[in-house]
Amino acid sequence: MDDILEALPIDDIAAQLGVDPSEARRAIEEGGATILSGLQRNAQTPEGASALEKALGKHGSEVSGGTVDLNALDTADGQKILGHIFGGQEQAVAQKLTDEPKTAGIDFGKLLPILAPIILGLIANRQKGAAPDSSAPADGGGGLGDLIGGLLGGGATGSGGAAPGGIDIGGLLGGLLGGQK
């Protein structure tokens, strides 16, 4: 998560969300962990890993020189990314995060489409620097699974775990995306 936080202009995001920077940082941690967990969950199947590889080929320019220009982000593309990650349940995921006591008042419907292309850009840039055999096996181990896990910091995963702020991301996603934890 530190890589994501370092790349983002947190003050600008806070201004867009109408909250103070510390609240924005907490929301970015929760939203970022949720997106990464969804990606990791999707990368555990051959179809999901293939779709993720294809999407990564289109991203990378979002994070240039280690920073992000919010004005250059395509939030409509971010919304499409979220639709793929969360299987059409992106509004339910955003609402669930918005309703969490630790992040109450944050409009995750506005934040997640900002974070999605940035996270894909970070993964794409990391993958470019990875070994040539960075494709994800069906079990999600190695390759993309390791890259995503690295960004998560070994914390939350698609199969359970809590984000930095303590929200059970695995339970949240499992409940919304098929009843599995």
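Residues numbered from 1 in each chain as written. Predicted model: local features only at pLDDT ≥ 70, side-chain atom pairs only at ≥ 80, totals over all residues. Heavy atoms only, no water.

S.K.: For this particular structure, what's the right way to read the overall build of the protein?
M.R.: The helix and strand tally for the protein stands at 9 helices and 0 strands. For the protein, the N- to C-terminal ordering of α and β elements is α-α-α-α-α-α-α-α-α. Taking all 181 residues of the protein together, 50% fall into the buried category. Contacts in the protein between residues far apart in sequence, at least 24 positions, make up 73% of those at least 6 positions apart. For the protein, the exposed area adds up to about 8000 Å²; of that, 47% sits on carbon and sulfur atoms. (Helix = DSSP H or I, 4+ residues; strand = E, 2+ residues; numbered from the N terminus. Buried < 20%, exposed > 50% of the residue type's maximum accessible area, 1.4 Å probe, protein only. Contact = heavy atoms within 4.5 Å. Areas by Shrake-Rupley, 256 points an atom, 1.4 Å probe, with all protein chains shown as cover.)

S.K.: For this particular structure, what's the right way to read the pattern of salt bridges?
M.R.: Pairing of side chains with opposite charge becomes possible as their charged atoms draw close. Within this structure, the stated rule accounts for 1 salt bridge. For Glu29, the salt bridge is made with Arg25, and the minimal N-O distance between the two is 4.0 Å. Highlighted residues: Glu29 and Arg25, both in helix H3 (residues 21-42), separated by 4 residues, approximately one helical turn. (Salt bridge = Lys/Arg side-chain N within 4 Å of Asp/Glu carboxyl O.)

S.K.: Please clarify how the environment of Ile148 should be interpreted in this entry.
M.R.: By the element assignment, Ile148 lies in helix H8 (residues 143-152). Looking at Ile148, the relative accessible area reads 0%, which means it is buried. A C-alpha to C-alpha distance of 9.9 Å links Ile148 and Gly38, two positions 110 residues apart in sequence. Dropping the residues within four chain positions of it, Ile148 is found in contact with Leu36, Leu39, Gln40, Ala43, Leu52 and Ile123.

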